[in-house]
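Residue-level structural notes
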Amino acid sequence: MHSAVVTRWHGRLSLGLLLAPALLWLAALIVLPHVDLAVLSFRVRVGPRDYVASLAQYKTFFTEPLYWHVFVRTALMSVAATLLTLLLAFPIAWIIAKLQTGRAGSWLFILCLIPFWVSETVRTLGWMILLRESGVLPSLLVKLGLTAVPVELLYHDATILVGLIYTSLLFMVIPLISSLESLDNSLIEAAYDLGAGGFVILRTIVIPHAAPGITAGCIVVFMLTLGNYLTPTLLGGKNSQWFTEQIYTQFITRFNWEQGAAFGFLLLALSTAMVVIGLRITGQRFGDVMRRT
Amino acid sequence: MIPSLPRPAWLRTATAVYLVGFMAFLFMPLIIVAVFSFNDAPYPAPPWRGFTLDWFLGNLTLGRTGLFADSELLGSIWTSCAVAIWVTLLSVLLGTANAFLIERGRFPGKQSLSVLMLAPLVIPGVILGISILAFASRIAEFADATLGLELDFLRPGLPLVVLGQFSYIATIATLTISARLRRFDRTLEEAALNLGANKAAVFRTIVLPYLRPALLGSAAISFLMSFADFNTTLMLVGTDSPLTVMMYGRMREGATPVLNAVSLFLMVASAVLALAFMRRRSQTN
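Residues numbered from 1 in each chain as written. Chains lettered and ligands numbered in written order. Predicted model: local features only at pLDDT ≥ 70, side-chain atom pairs only at ≥ 80, totals over all residues.

**Quick look at the overall build of chain A**
Within chain A, the secondary structure is distributed over 13 helices and 2 strands. Based on the C-alpha atoms only, the size of chain A along its principal axes is roughly 75 × 65 × 35 Å. When the 293 residues of chain A are sorted by exposure, 42% land in the buried category. Within chain A, contacts between residues at least 6 apart in sequence are counted, and of these 69% link residues at least 24 apart. (Helix = DSSP H or I, 4+ residues; strand = E, 2+ residues; numbered from the N terminus. Buried ≥ 20, exposed ≤ 12 C-beta atoms within 10 Å, placed from the backbone. Contact = placed C-beta atoms within 7 Å.)

In structure tokens, the structure reads:
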């Protein structure tokens, strides 16, 4: 009986030792900083070191057209980038999962992974050299006689979209492949034998089966796109008008932490809302989606 | 369509065209970066003016600062490495503890704790950065006002960068390591205990060797993610810039091909790391 008590005590002790670092991490780096950010966003400065609770920061956001225009624009561009990424990634995922099974398929997959081993900064540098007025593509267009003078291909919305899609591809391809691989080929064969065409098979068999992977990919891509800073600012320049840039300006440049905190919360709310809606639509659980990607 | 069904010729052609286009899209930026690190011109732009190694080896006497003479850039690579080593160490240690906590521990609130552990992945990096920045300065100010302590590590700088990156990379390490621990056959452990081994010996000789691939894998991923992190780092950085922030600053100003040189260096380094890692994995499997 004595040893049973000791074992239990040991169990408690080791549980405590495992629990402490996890709680410390989550409390000190995730929960408390966000509580603090919330407190910051709901106050306003009335004098030196003197603050009162207020909704002023959020009011500024809704009354100043610039801010909510940028917010809406960021959201819409992110949706567009997500859908385009899905369209571009689906065929390659299909090829890897269904057409090129075996060695060729795994080589293709490794080829897809390679660009993502280098940082976003390097990839963006490549796009800048390709697209700027003195860059590779504009001078190629002149040589081919398509344009008389080099055109500036940077600093357009389309450029930002290209950059965002490029950065997001991998996060769409991986969940798509894993959901397509589990689709039984005999279902497709059966549908074909019963006279279904390619489009009908895609709509009634492939997409319903791949829905969890599609949702997982879309959620992750949307989140990453919404929170991206590097790609919009470098490829969009002054015209980028990305919401993370507003947060940076308020927090770091203007040192207006209260306003920046409110903007941060609005972005977090949008991002979380999209995740929740995405999960609701397909009836999935958060943990399962995260483990998939 | 799948291989067992007839595919019309137009579909085969379309697939081939798509594949070529897709691969070109994927690799064009990287190839361009690599090629222009050897161009004998002051800016990374066409036309091609001949091959040079100036952007790697150049120094003041040549009038061009190459990568190996650019002390600012080399310093930032070291800064990134130091940050990444700390982040890797912390993330793998915490990830291992968390894996045992989730897979073995039984306590009330476990379900909600494991969901909370995933939260850092759905919080945009910029917001992780500003929240940690704000919270750390609040503590620093509190310590200063009440105790008269100067807690410099809570001001923007490398310690905060490490904490900021660690806050979400720890989740990735946790997921990787607990996925492996979940597949562990516990009868092996019981057998060793029955044969008289104590818990520490079982952990060292059976559980740890089993977890090794996941530990190495999560260490590699943590290192790379830390090295590549931009969003969180940008908000927390002080006077010493890691490489990504340094490159960003120079890209905005319009930089010489020395940035291409450092990029090529990164590509080669990560390719070597990736190959070593994949070779290891194919050997262990």
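Once the structure has been displayed, the description carries forward.
**Regarding the overall build of chain B**
Looking only at helices and strands, one finds 11 helices and 0 strands in chain B. Taking 19 Å as the expected radius of gyration for a compact globule of 285 residues, we find that chain B reaches 24 Å, considerably beyond that expectation. Its C-alpha atoms put chain B at 75 × 75 × 35 Å along the principal axes. Burial analysis of chain B (285 residues in total) assigns 37% to the buried set. Look at the contacts in chain B between residues 6 or more apart in sequence, and 73% of them connect residues 24 or more apart. (Rg over C-alpha atoms; globule rule 2.2 N^0.38 Å.)

**Quick word on the nonpolar core**
Ala 93, Val 173, Leu 176 and Leu 267 of chain A together with Ile 130 and Ile 132 of chain B are the most contacted members of the largest nonpolar core, which has 140 residues in total. Ranked by residue count, the leading element in this core is helix α7 (residues 157–181) of chain A, at 14 residues. Shared between two domains, this core holds at least three residues of each, these being domain 1 (8–69 + 257–285) and domain 2 (73–254) of chain B. Sequence-distant contacts of Ala 93 of chain A, defined by excluding residues within four places in its chain, comprise Val 173, Leu 176, Ile 177 and Leu 180 of chain A. (Core = buried A, V, L, I, M, F, W, Y, C linked by C-beta atoms within 7 Å. Domains from an automatic or database assignment.)

**Some details on helix α5 (residues 120–131) of chain A**
Residue and element names in this part refer to chain A. Over its 12 residues, α5 runs 16 Å from end to end, which matches the ideal 16 Å to within 8%, given 1.5 Å per residue. Within α5, 12 of the 12 residues are buried, which leaves it mostly tucked inside the rest of the structure. Within the sequence span of α5, burial applies to Glu 120, Thr 121, Val 122, Arg 123, Thr 124, Leu 125, Gly 126, Trp 127, Met 128, Ile 129, Leu 130 and Leu 131. (Expected span 1.5 Å × (residues − 1).)

**What about the interface of chain B and chain A?**
Each side of the interface is counted separately: chain B has 69 residues, and chain A has 67 residues. With 12 residues, helix α1 (residues 9–35) of chain B is the single largest residue contributor to the side of chain B that touches chain A.

**Let's talk about the environment of Thr 65 of chain B**
Following the sequence through the fold, Thr 65 of chain B ends up in the loop between α2 (54–57) and α3 (71–104). Residues Thr 65 of chain B and Asp 54 of chain B lie 11 residues apart in sequence; the distance between their C-alpha atoms is 7.6 Å.

**A word on the domain arrangement of chain B**
Residues and elements named next belong to chain B. Domain parsing of chain B yields domain 1 (8–69 + 257–285) and domain 2 (73–254). When each unit is reduced to the centre of its C-alpha atoms, the spacing between domain 1 and domain 2 is 30 Å. Each partner contributes residues to the interface: domain 1 has 9 residues there, and domain 2 has 7 residues. Among the residues forming the side of domain 1 that touches domain 2, the class breakdown is 6 nonpolar, 2 polar and 1 charged. (Nonpolar A, V, L, I, M, F, W, Y, C, P; charged D, E, K, R; others polar.)

**Some remarks on the environment of Val 126 of chain B**
Position of Val 126 of chain B among the secondary structure elements: in helix α5 (residues 125–147). C-alpha separation for the pair Val 126 of chain B and Asn 231 of chain B, spaced 105 residues apart in sequence, amounts to 5.1 Å. Contacts of Val 126 of chain B, omitting those with residues within four sequence positions, involve Gly 227, Tyr 229, Thr 244 and Ile 247 of chain A together with Asn 231 and Met 235 of chain B.

**Quick notes on unusual backbone geometry**
Across the junction of Pro 46 of chain B and Pro 47 of chain B, the peptide omega takes the value 0 degrees, indicating a cis bond. With respect to the helices, strands and loops of the structure, Pro 47 of chain B is situated in the loop between α1 and α2. The phi dihedral of Gln 241 of chain A falls on the positive side, at around 50 degrees, and the residue is not glycine. Here Gln 241 of chain A falls in the partly exposed class, since 18 other C-beta atoms lie within 10 Å of it. At Phe 255 of chain A, a position not held by glycine, the phi torsion is positive, near 60 degrees. Position of Phe 255 of chain A among the secondary structure elements: in the loop between α11 (243–253) and α12 (257–282).

**Some remarks on the pairing of strand β2 (residues 50–53) of chain A**
Residues and elements named next belong to chain A. Bridge count for strand β1 (residues 43–47) against β2 is 4 bridges, and the pairing is antiparallel. What sits directly across from Val 44, in β2, is Val 52. From the end of β1 to the start of β2, which pair antiparallel, there are 2 residues, and Arg 49 there has a positive phi angle of about 60 degrees. (Pairing = 2+ DSSP bridges.)

**Focus on the packing of helix α4 (residues 110–122) of chain B against helix α6 (residues 158–182) of chain B**
Residues and elements named next belong to chain B. Here α4 crosses α6 at 125 degrees, and the two axes come no closer than 8 Å. Looking at the two axes, α4 sits oblique to α6. When the axes of α4 and α6 are compared, the crossing they make is left-handed. Counted together, Met 117, Leu 118, Pro 120 and Leu 121 of α4 and Ser 167, Tyr 168, Thr 171 and Thr 174 of α6 form the full contact between these two elements. Per-class residue counts for the contact of α4 with α6 are 5 nonpolar, 3 polar and no charged. (Axes fitted to C-alpha atoms, helices over the stretch in contact; angles between N-to-C directions. Parallel < 35°, antiparallel > 145°, perpendicular 65-115°, else oblique. Left-handed = near helix turned anticlockwise from the far one by under 90°.)

**Observations regarding the confidence of the model for chain B**
Residue-level pLDDT values for chain B average 90, and 98% of them are 70 or greater. This complex was scored by the predictor with a pTM of 0.89 and an ipTM of 0.88. (pLDDT = per-residue confidence, 0-100.)

**Focus on the environment of Glu 189 of chain A**
Summarising the element assignment, Glu 189 of chain A is placed in helix α8 (residues 185–193). Setting aside anything within four residues of it in sequence, one finds Glu 189 of chain A in contact with Ser 4 and Leu 5 of chain B.

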